[in-house]
Amino acid sequence: LASAGALYYSHRQYDLARRYYKTMVTKFPESQQRTIGLLSLMNSYFFLGKFNDAEFVARKIVDLPDIPPDQAEVARKRIGESIYKNAEKMEQEEKYLEAAQEFFRVYTDASYYKEIVDLALLNSARNYELNKEWKQAINMYDTLVVNYEQSQYRLIALGKIAEAYKQMEDFNGVCASFERI
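Note that this is a predicted model, so its numbers are computed, not measured.

Thresholds, definitions, all that
- Residues numbered from 1 in each chain as written.
- Predicted model: local features only at pLDDT ≥ 70, side-chain atom pairs only at ≥ 80, totals over all residues.
- Heavy atoms only, no water.
- Helix = DSSP H or I, 4+ residues; strand = E, 2+ residues; numbered from the N terminus.
- Buried < 20%, exposed > 50% of the residue type's maximum accessible area, 1.4 Å probe, protein only.
- Lys, Arg positive; Asp, Glu negative; His and termini not counted.
- Charge placed at Lys NZ, Arg CZ, Asp CG, Glu CD.
- 1 Å grid on protein atoms, 1.4 Å probe; cavity = no way out; pocket = protein on both sides within 12 Å on 5 of 7 lines; lining within 4 Å.
- Points joined across faces, edges and corners; volume = space filled by probe spheres on them.
- Patch = residues over 30% accessible without salt bridge, like charges linked within 9 Å, V, L, I, M, F, W, Y side chains within 5 Å.
- Areas by Shrake-Rupley, 256 points an atom, 1.4 Å probe, with all protein chains shown as cover.
- Salt bridge = Lys/Arg side-chain N within 4 Å of Asp/Glu carboxyl O.
- Contact = heavy atoms within 4.5 Å.
- Axes fitted to C-alpha atoms, helices over the stretch in contact; angles between N-to-C directions.
- Parallel < 35°, antiparallel > 145°, perpendicular 65-115°, else oblique.
- Left-handed = near helix turned anticlockwise from the far one by under 90°.
- Nonpolar A, V, L, I, M, F, W, Y, C, P; charged D, E, K, R; others polar.
- Polar contact = N/O pair within 3.5 Å; in protein donor to acceptor, adjacent residues only side chain to side chain.
- Expected span 1.5 Å × (residues − 1).

On to the overall build of the chain. Counting secondary structure elements, the chain contains ten helices and zero strands. The N-to-C order of helical and strand elements in the chain reads α-α-α-α-α-α-α-α-α-α. Each principal axis of the C-alpha atoms in the chain carries an extent, and together these give about 65 × 30 × 20 Å. Taking all 181 residues of the chain together, 44% fall into the buried category. On the chain, the mean spot of the 24 positive side-chain charges and the mean spot of the 26 negative ones are 6 Å from each other.

The computed volume of the largest pocket comes to approximately 170 Å³. Taken together, Lys-22, Val-25, Thr-26, Arg-34, Leu-38, Leu-41, Tyr-45, Asp-53, Phe-56, Val-57 and Lys-60 make up the lining of the largest pocket. Those elements giving two or more residues to the lining of the largest pocket turn out to be helix H2 (14–27), helix H3 (34–47) and helix H4 (51–63).

Turning our eyes to something else, we now look at a nonpolar patch on the surface. Where nonpolar side chains cluster on the molecular surface, the patch consists of Leu-1, Tyr-20 and Phe-28 and spans about 270 Å² of accessible area. The topology assignment puts Phe-28 in the loop between H2 and H3. Phe-28 sits in the partly exposed class, given a relative accessible area of 48%.

It is worth spelling out the environment of Phe-51 at this point. Residue position: Phe-51 is located in helix H4. When its relative accessible area of 12% is taken as the criterion, Phe-51 is described as buried. For the pair Phe-51 and Thr-26, spaced 25 residues apart in sequence, the C-alpha separation works out to 20 Å. What Phe-51 contacts, discounting residues up to four positions off in sequence, is Phe-46, Ser-82, Lys-85, Asn-86 and Lys-89.

Before going further, it helps to examine the packing of helix H5 (residues 69–92) against helix H7 (residues 114–130). Two elements in contact, H5 and H7, have axes whose closest approach is 11 Å; the angle formed by their N-to-C orientations is 25°. With respect to H7, the element H5 is oriented roughly parallel. As H5 packs across H7, the resulting crossing turns out to be left-handed. Here H5 contributes Lys-77, Gly-80, Glu-81, Tyr-84 and Glu-91 to the contact with H7, which in turn contributes Glu-115, Ile-116, Leu-119, Ala-120, Asn-123, Arg-126 and Asn-127. The residue makeup of the contact of H5 with H7, split by class, is four nonpolar, three polar and five charged.

Right, let's get into the environment of Asn-147. Tracing the chain through its elements places Asn-147 in helix H8 (residues 134–147). Residues Asn-147 and Ile-161, spaced 14 residues apart in sequence, show a C-alpha to C-alpha distance of 15 Å. Side chain to side chain, Asn-147 and Tyr-107 meet in a polar contact 3.0 Å long.

This brings us to the side chain of Ser-44. The topology assignment puts Ser-44 in helix H3. What makes Ser-44 buried here is its relative accessible area of 0%.

It is worth spelling out H7 at this point. Between its terminal C-alpha atoms H7 stretches 25 Å, which fits the 24 Å expected from 17 residues at 1.5 Å a residue. The element H7 is largely enclosed, with a buried count of twelve among its 17 residues. Turning to H7, its buried residues number three or more, namely Ile-116, Val-117, Asp-118, Ala-120, Leu-121, Leu-122, Asn-123, Ser-124, Ala-125, Asn-127, Tyr-128 and Glu-129. Each element contacted by the buried residues of H7 is listed here: H5, helix H6 (96–109), H8 and helix H9 (154–167).

Written out as structure tokens, the structure reads:
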């Protein structure tokens, strides 16, 4: 099963590979190749665009007591990537409120993935803006500004806070935002 899955996986036939890996890890949970099968199953789901399933398998991998540290790190990163990609998918479907909440989940559930957390917060705020949820947008921008002082998006976020206050016609907030800049 592992070899068949690997063959399909190497030829980028992820749906067929997923079937073999899923069978292997469910029918033979004590297999020596279980962790490799789980990682490949996780990646197959990810490459198929099934980000919730990829995140689910990644969480199972991270929770395994005997998982090698390098494989656990790959799974931890895949959790963050899966959440982020799922949020992008929601944004493309114009589900802005759900996308905003999902982007924020990168911060709450995968804050260790420093490379994408600040961008996820920026995208969360932007999606709240698209849904005209100005206070939520301000909260997201402020979270980015306060927690990621070295972020390349920090000044953008500060400017966007002022714009959101302007949309709410809260001119004291606009002034306070510009003072922060």
